[in-house]
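Chain by chain, the residues:
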Amino acid sequence: MLIKFNKPFNVLSQFSDKTEKSADRGNLSDFISIPNIYPVGRLDKDSEGLMLLTDDGKLQYSLSNPKNRVRKTYYVQVEGEPKQSDLDLFRVGLKLRDGITRPSEAKLIEPPLLWDRVPPIRVRKTVPDSWLEIIISEGRNRQVRRMTAAIGYPTLRLIRIKIGDYDLKNLMPGDFENIS
């Protein structure tokens, strides 16, 4: 079984949350009640978008193991207006505190048509924002956020739209679909 899920903002990518903060945020069990399925990778609580869940260990391994270099695509709203020279740094790899990232892709895009985020991002009238499409083939902790910060453009909103051949399409936040 393979489930495609659009993880909303402020939801943990796990099925339980026994911390003191659990009343302030959701987890997967608030949306999905299918037994014996597990997330394929993770998304931070403050990130949104595509998550895959499966009961197939081999499929989970093939999609989440960094050695397999499965491409993940994100729409990223950043503070400021990156130049092409900033985005060119993604192609060679960016130096982060845990090492240099694999080469990736980044390009400026028009603001995508998306659902409203609740709560909305903070907007500063004096600082413009931009949208990027970023494609990576690894998945370090908060990697995309750290990459945009490394080039001087903090992430305001991050939405994963694709993992390998699986994409979000028109799935709305909190909705899931059984795709196999």
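Residues numbered from 1 in each chain as written. Predicted model: local features only at pLDDT ≥ 70, side-chain atom pairs only at ≥ 80, totals over all residues. Heavy atoms only, no water.

Trainee: How would you summarise the pairing of strand E8 (residues 129-136) if you had to cite specific residues and measurements?
Mentor: Residues in a regular strand project their side chains so that they alternate between the two faces of the sheet. Buried residues dominate E8, accounting for seven of its eight residues. With eight bridges connecting them, strand E4 (residues 72-79) and E8 associate as antiparallel partners. Looking at the pairing, Thr 73 lines up with Ile 135 of E8. (Buried < 20%, exposed > 50% of the residue type's maximum accessible area, 1.4 Å probe, protein only. Helix = DSSP H or I, 4+ residues; strand = E, 2+ residues; numbered from the N terminus. Pairing = 2+ DSSP bridges.)

Trainee: I'd like a description of helix H2 (residues 84-92), backed by residues and values.
Mentor: Those residues of H2 not exposed but buried are Asp 86, Leu 87 and Phe 90. Around the axis of H2, the buried residues are gathered within 95° of arc, so they sit on the same side. Within two residues after H2, Gly 93 carries a phi angle of roughly 105°, on the positive side. (Arc of directions from axis to C-beta.)

Trainee: Give a detailed account of empty space enclosed by the protein, specifying residues and quantitative values.
Mentor: Using the criterion set out here, one finds one cavity of 30 Å³ or more in the structure. What the largest cavity holds in volume is close to 60 Å³. Residue classes in the lining of the largest cavity are distributed as five nonpolar, no polar and four charged. (1 Å grid on protein atoms, 1.4 Å probe; cavity = no way out; pocket = protein on both sides within 12 Å on 5 of 7 lines; lining within 4 Å. Points joined across faces, edges and corners; volume = space filled by probe spheres on them. Nonpolar A, V, L, I, M, F, W, Y, C, P; charged D, E, K, R; others polar.)

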